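Below are the chains, spelled out letter by letter.
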Amino acid sequence: MSAFVKSKLKTARDALGKNENEKARDAALGVLEYEPDNPNAHLFLGAAYLRLEDFEKSEQSFRKVIELKPDHVSAWQGLSQLYEKKKDWEEYALVLDKLAHLHAASNDATKCAEVVQKLVDLRRQEDTGSRMQLAQVLTLLLPDSDLYPVLSTLPPPDLTNPTATAIGPIQLAIHNSLPVLEELVSLYEEEEQGVIQSEISKRRTRLNAPPADQIQRDVTLEVLSTSQLPRLYDEIMKHPNTSDDLRRATERKLLRMKQRHLFSLSPSGAQKEAKAKLAAEVDELIGGMVFLKIPDELAWTLFIESKDAEKIEDYDYEILRQFIQIVPTSTLAKLVKAYFDYYAIPLAEEDGEEDPGEQSAEPDPDVDYAGIIIETFSELSDSLLAHRIVTQLYELDADYENAIKVAESGLELLRRAEQNWGRSFKLVRKAFNVTLAMSLVHFFPPKNHARALRIIDDVLAEDPDNVTALLCRGFVLQYAKRWGDAAELFAKVVQINPDDDDKASRAKEEHAWCKAQIGELQAAADGLRDVINTLEEVEGHEEDKARCWWKLGRCYWNMGVDQREEAYKYFITSLKRFSNFAPAFTSLGIYYSEFLSPPDPKRASKCFQKAFELDPREAEAARRLAEGFAEEGEWDLVEVVARRTIEGEGGLEEGAEARASRRYLPINAWAWKAVGAVELTRRNYPAAIEAFQIALRTDVDDHMSWLRLGEAYSRAGRYAAAIKALEHARELDPKDWVASYFIGDVQRQMGLYEEAIRAFRSILSSRPQELGVLHSLGQSYLDLGRFELSTGFSARAETSFLSAVSITLDLLDASSGFRRVAWKTIADALFHLSAFADISDDALVRDVLERVIPLVTDHPEKGLTDIISYPLTTEQTNDLSLLALEVALAAYDYRLTLGAISDAAKGSAFYDLGSALSTFARRTSDGAKRDRAQQHAIAQFKEAIRLDPGNDAFWVALGNATFLSQPGVCQHAYIRALEVDSKNAATWTNLGLFYLHHEDAELANEAFYKAQTLDPDYALAWVGQGLVATANSHGREARALFEHATILTATVPEADLEYATRLFKKVNEISSKSRAASAEAFLPAFFVLDRFCKQRPRDAAALHLFGLVCERVGHVALGIDLIGRAITVLEAAYEETEDPVIERHFTIAHVNLARLRLATADYEGALESYQVATGLLPEQPAEEGVEADVKVLLAQCQFGSGLAHFKLGQLAEALGLFEAAMVTAADHPVIRGHVVVLLAQTLWAIGTDEAKESAKTQLLQSIEYDPENLMAINTLAGMGILTDDDGLVDAALSEVVSLPIDQRHERDPERDVTYLLVQHHLGQGDAKQALSVAQKAVYTEPERTDVRRELASLTLRNGQSAAALAILGGSAQTQSDFAELRASLALHAIALSVEGGDGLTVSEAIRLAQKGVMLSPWDKQGWEALAYVRSRGAQ
């Protein structure tokens, strides 16, 4: 090293010592210029930069030194100072660790300890270290640390002066590592607990997360698999300074940790061996703690619970005693102590070595040890021993239901225990299975025998000589009536275990009983006597003794009549041994009822009752009791007995409500039949259905059960199921007509009336006087008639109603027992028949009425004399419908005289009479009778309400009857009806109509909306809302609502008429502006009016409107017929009332009829009708006070008559009438314009030049008078075209042509001017100019199909078929009108055929022509187009 470098280094060191940091930096940099790798220069430079707080360069310098000399202590110390100053604690800790190892390598224990002390202090601070970082540093002080060999050379600490050195804590830790170990344990415990909790919380929130217990096991396994705690626990327990208390506490921690680890390992797969090894460690650990009697509850519990013992005695009573003494506060210890006390097991061994004070006292008889066991068991849901003790307790108490539950719970707990320990507990499982099998065998036998047998087979497969399992199998075989097999099993039990008094005795008893059942009565009796002799020598066993004496009595009873008295003695002896033995009471009851002479039914009944009270499984006693109660009519008691019998045989499942078991096969089917019959009587149909279904499980071919089941289904409204059940009943007994009757009744309720009628008639063919069938047949015809009437089949409905009356009359002839229901059927049928306007079969109706009239009028209590015109007769009336209504009124009145069984039935009779009276009030023309009928109807409704105020129909009827006369009562009635049934759409609609009538549109609309919500298919609600829309001047919405009402399933005639009226008015308004309205627009009105007029054939307004609609759709002849019928109705009405309004309607009808006759060329008929109408109108219409519509009618009559005379060639009369019409219509430009045109056409038809000039003059004057009379303008232009008078054409059309487009189109909506111009140019031979006019029209209105069609026709005439197709193609895209589409088809087909081309084009042309013919078969042009296209195709 040169002197320069040395001097510079010395300068840098001295400068650092004097805190001249810049100088030191410069000196070091000077050295590095000559020697870049000089470590001392880098060291001094790093120190200088550190003091100048240039930390980055300082770190670079120190790192350079370390790079040159990795073990350079000063450089590492410089880095430690740097990081400490920067507070970069992680790097600081790494540097300190390196320094500690460097000092250890140089055997400098003190400096190493100082650095370690710094590390410990650093990591103890919360902001500079975590638990695991502190634990990592503390491990440096343990013997297995690589620093320990050096640190162990430190002298022991001076305990008298702990602060003598800075490394005192390190010295203490090195010479006594126990505190370090304890601190490490604390750190690791806290860390692992925190990790487990946070990880479990995190995983629970994941999608598709496993169950919580699985998450806990997985996380516990992950953490404990890498845990340092077992090693640390071992070191603490092995440490020489560990106290006994600390060692025991650490041992407890180790046990709990290993237990958690063991239970989290999987018992299979890769973890199987590790689990077995860990289980052995846990066993060793708990074994040692139990051996040393350490009071650790977990250790003792694990030791006891992990034992595989077949019996509770095998758990080692001495261990259990120690457990009770060492851990007395344990819940399990309390349960075991109560178990010892319950069975009088001493709590200390009686070997004489124990202190007498420690001997257990005798159990206190006043203490409920069983209750203590049950109470503590509720806190021991995870204890196998507790489950075994409680299961045994329940089994001994014969509480088999709870024994089953606890055994099942114990088996589930055992499954978890086997998974936790990784080994099987075969003996414990066998013990639970044996107890479970025994309980299942005796719990509601034989309900659970199938399940019990599976368990018994599993037990016997492992232990073929298991006595309890063999006994269980024997009991199962007994219930299966396999007495021989059962006897062999019981004999085997006696052979295997002859010394077990209880089981051997029971096996001998059952063996003898099996012998008795197979007929070996004497051998059985001898065997039973042996068992009885044995039992009589033993104290207790009273029930066993009673059972054996009873069985002995049964043996003697079956030996014959001679031994019955001996059997009776044994039955008495049985009850002496045990007074609550139920079978003995049953046998005594049979003795008293069957053998004793004379029989003593009273004592027998008492015996049966006692037996049934003691044990509901005594089915024989229950059956005999039920039969006795049924004979006495005590059906409630029959139900009680039946239900308790069902409960006794296990027919009900547990739950909030006891319900029948789904898999239950009843033993006593009679009980379920009895329950079903009672529930059917009570109208509790679901329960009845269930009862009969369960009864059928025992005997699926029981005809009566199927019949009752079908009846229950039908009454419950489950018709499909009812049909199936009843069909099956009929298959089982084809001769039983009741099934066929029920099937017919179900079909009637389903609306299959014709099938029901066939079913009833088939029964009557063999049983013609069966009254119930006759009534059901009449009711079926009545229901069928109602259905046919609602669907529009009036003639069929008439026949059905007449059949209902005739059959019911036959019923009355056969018997008077059905008079009330029969007369209701007759009256209802006649009431519906009275609604027919036209009777199709007068003779049959008269015949039926003649049969009914004497029956309802020839009695002293005849009423309604002020309403009905007695005597009733069919001879002097032409209105059979009204007569039918009067007879129906008389029938309803007669029905009231018959009385009623209940208030509801009587209320229904008053309601029916009131409804008929209301209808009569609307039908009669006698004002006095109308008022009396209406008042009487209101009285009837009020009486019906008094009798049955909960019937909403009665309130609605009262509201309808008082709708106009008593608004307050009406509103009250409707609201009361809604209180009874707030979901009745008809009532809401009636209320809405009431509000609408009183001009409260808002409330009316709310009521209609409510009705629509409740029943969207109720048409009258839509009609009402349409009326509200009309009241609010919403015409479009009203039409839509009426249209919707007409398409609903249940039609409302008023909706049909209202919709048709509005549609006709709407289309006419369009036609007044444009003649483009096609016949299709009137078709909806045509169909609904057709339906209406079939239902209301005498409604003059509807007939008149229907005739006008027929005129518009082209059915003129039908229109003439309809208007003629309307005239007939109006004439009859006028003759009766002489109402001027009817007279005006009559006049209008004749005017319209005359116009239709003109259309059919019936000019004479037209003149006749016009003359009638004219005769009814004033002769001088110009006089003051004459109504405007009278002038219109008179003008129409005059020019219509003129047109008829014109057609008849009577021109002079025609001219006179036209001139008169012009005078009459002077104030009506439209009518005047039509008259002028007709007058001009008449003058033109005369043919003379003078007449033609006069015609032109009339038209010119009309145009001058009314410049917008387009018809006159067009007519004048047509005359000019015919006479080639261009001046006249120009004069006529010039004004219209010169107008702006919008005004021109407004005056000429049909574009007649364009048509005339085209025809004018064509007439002059100027096709080009005609084409130009058509093109201009299309350019102006390209959306109009008629002008496009005209242009296409002209183009096609010029031979431009392709252009014509293009024009028609564009037109097809805008054709929304069906009529326009139909008009274009022929032209389109011709254009395609002219265009020619391939076969597809020709086929398409033919298809279009055929379509046109199909759509308009009456159109001659369509047929001509089809012929032309086919001829072109043939070419």
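All figures in this text were calculated on a predicted structure; none of them were measured in a lab.

The rules behind these values
Residues numbered from 1 in each chain as written. Predicted model: local features only at pLDDT ≥ 70, side-chain atom pairs only at ≥ 80, totals over all residues. Heavy atoms only, no water. Helix = DSSP H or I, 4+ residues; strand = E, 2+ residues; numbered from the N terminus. Rg over C-alpha atoms; globule rule 2.2 N^0.38 Å. Buried < 20%, exposed > 50% of the residue type's maximum accessible area, 1.4 Å probe, protein only. Contact = heavy atoms within 4.5 Å. Polar contact = N/O pair within 3.5 Å; in protein donor to acceptor, adjacent residues only side chain to side chain. Axes fitted to C-alpha atoms, helices over the stretch in contact; angles between N-to-C directions. Parallel < 35°, antiparallel > 145°, perpendicular 65-115°, else oblique. Left-handed = near helix turned anticlockwise from the far one by under 90°. pLDDT = per-residue confidence, 0-100. Salt bridge = Lys/Arg side-chain N within 4 Å of Asp/Glu carboxyl O. Expected span 1.5 Å × (residues − 1). Core = buried A, V, L, I, M, F, W, Y, C linked by side-chain atoms within 4.5 Å. Phe/Tyr/Trp six-rings, centres within 6.5 Å; stacked < 30°, edge-to-face > 60°. Lys NZ or Arg CZ within 6 Å of the ring centre and 35° of its normal.

Asks: Can you help me understand the overall build of the chain in this one?
Replies: Per the secondary structure count, the chain includes 72 helices and 2 strands. Whereas a compact globule of 1435 residues would reach a radius of gyration of roughly 35 Å, the chain reaches 57 Å, over 25% beyond that. C-alpha atoms of the chain, sized along the principal axes, occupy 160 × 140 × 75 Å. Split into buried and exposed, the 1435 residues of the chain put 47% on the buried side. Of all intrachain contacts in the chain linking residues separated by at least 6 positions in sequence, the fraction that spans at least 24 positions is 54%.

Asks: What is the right way to read the environment of Ser264 from this model?
Replies: Structurally, Ser264 is set in helix H14 (residues 244-264). A residue is classified by how much of its surface remains accessible, and Ser264, at 9% relative accessible area, is buried. In terms of polar contacts, Ser264 uses its side chain to reach the backbone carbonyl oxygen of His261, at 2.8 Å.

Asks: Quick question: what am I supposed to make of the environment of Lys258 here?
Replies: Locating Lys258 in the fold gives a position in helix H14. As a C-alpha pair, Lys258 and Pro230 span 28 residues in sequence and 8.2 Å in three-dimensional space. Sequence-distant contacts of Lys258, that is, excluding residues within four places in its chain, are made with Leu278, Glu281 and Val282. Side chain to side chain, Lys258 and Glu281 meet in a polar contact 3.3 Å long.

Asks: Looking at this structure, how should I read the packing of helix H60 (residues 1211-1224) against helix H61 (residues 1229-1246)?
Replies: How two helices pack is summed up by the angle between their axes together with the distance between the axes. Viewed as axis vectors pointing N to C, H60 and H61 meet at an angle of 160 degrees, and their least axial separation amounts to 9 Å. Between H60 and H61, the crossing angle belongs to the class labelled roughly antiparallel. Where H60 crosses over H61, the two elements pack in a sense that is left-handed. Here Leu1211, Ala1214, Leu1215, Phe1218, Ala1221 and Met1222 of H60 come into contact with H61, specifically with Arg1232, Val1235, Val1236, Leu1238, Leu1239, Thr1242, Leu1243 and Ile1246.

Asks: Quick question: what am I supposed to make of the confidence of the model for the chain here?
Replies: Detailed reading of the predicted coordinates is not advisable wherever pLDDT falls low. This prediction gives the chain a mean pLDDT of 82; 91% of its residues lie at or above 70. Contacts of residues 654-658 to residues separated by more than four positions or lying in other chains number 4 contacts, the stretch itself having pLDDT below 50.

Asks: Looking at this model, I keep getting lost on the pattern of salt bridges. Mind explaining?
Replies: Opposite charge on two side chains makes pairing possible when the charged atoms of those side chains draw close. Summed over all chains, the structure comprises 63 salt bridges. Measuring nitrogen to oxygen at the nearest pair gives 2.4 Å for the salt bridge that ties Glu183 to Arg124. In this pair, Glu183 is assigned in helix H11 (residues 178-204) and Arg124 in helix H7 (residues 109-124), connecting sequence segments 59 residues apart. By relative accessible area, Glu183 is classed as partly exposed at 23%. The salt bridge involving Glu620 is made with Arg624; its shortest N-O contact spans 2.7 Å. One end of the pair is Glu620 and the other is Arg624, both in helix H32 (residues 619-631) and 4 residues apart, which spans about a single turn.

Asks: Explain helix H12 (residues 212-225) here, please?
Replies: Three or four residues apart is the spacing at which side chains of an α-helix point the same way, because the helix has 3.6 residues per turn. Between its terminal C-alpha atoms H12 stretches 20 Å, which fits the 20 Å expected from 14 residues at 1.5 Å a residue. The complete set of buried residues in H12 reads Ile215, Val219, Thr220, Leu221, Val223 and Leu224. In this structure, the buried residues of H12 make contact with H11 and H14.

Asks: Looking at this model, I keep getting lost on the packing of H11 against H14. Mind explaining?
Replies: As a packed pair, H11 and H14 sit with axes 13 Å apart at the nearest point and diverge in direction by 30 degrees. One element, H11, and the other, H14, form an angle in the roughly parallel class. For the pair H11 and H14, the sense of crossing is left-handed. Residues Leu178, Glu182, Val185, Glu189, Glu192, Gln193 and Ile196 of H11 lie in contact with H14, whose contacting residues are Leu246, Lys253, Met257 and Arg260.

Asks: What am I meant to see in the nonpolar core here?
Replies: Counting residues in hydrophobic clusters, the biggest one holds 196 residues, and the most contacted among them are Leu141 and Leu255. Of all the elements, helix H21 (residues 400-421) adds the most residues to this core, at 10 residues. With near-sequence residues (within four places) excluded, Leu141 lies in contact with Val116, Tyr148, Leu151, Ile170, Ala173, Ile174 and Val180. The next biggest cluster of nonpolar side chains, apart from the first, holds 110 residues, and it includes Val805, Leu872, Phe910 and Phe920.

Asks: Sorry if this is basic, but what is going on with unusual backbone geometry here?
Replies: Apart from glycine, the bulk of residues carry a negative phi angle, and the bulk of peptide bonds sit in the trans form. For the bond from Pro445 to Pro446, the omega torsion is -5 degrees, close enough to zero to count as cis. Tracing the chain through its elements places Pro446 in the loop between helix H22 (426-442) and helix H23 (449-462). For Ser1033, which is not a glycine, the phi torsion comes out positive at approximately 65 degrees. As for its position among the elements, Ser1033 is in the loop between helix H51 (1019-1031) and helix H52 (1035-1046).

Asks: Help me understand the packing of aromatic side chains in this model?
Replies: How two aromatic rings sit relative to each other is set out by the distance from centre to centre and by the angle between their planes. Counting across every chain of the model gives 31 aromatic pairs. By way of ring pairs, the aromatic residues Trp557, Tyr568, Phe571, Tyr591, Tyr592 and Phe595 are connected into one cluster. It is Arg796 that lies over the ring of Phe793; its NZ or CZ is 4.4 Å from the centre.

Asks: Where do I start with the side chain of Thr220 in this structure?
Replies: Structurally, Thr220 can be placed in helix H12. Ignoring sequence-local partners within four residues, the contact set of Thr220 consists of Arg260 and Ser264.

Asks: Before we go on, may I ask you to explain the side chain of Asn38 in this structure?
Replies: Assignment of secondary structure puts Asn38 in the loop between helix H2 (21-34) and helix H3 (39-51). Looking at Asn38, its side chain comes within polar contact range of the side chain of Glu35, at 3.0 Å. At 3.1 Å, the side chain of Asn38 forms a polar contact with the backbone nitrogen of Ala41.

Asks: What is the right way to read the environment of Gln322 from this model?
Replies: One can find Gln322 in helix H17 (residues 317-326). In this structure Gln322 comes out as buried when scored by relative accessible area, which is 13%.

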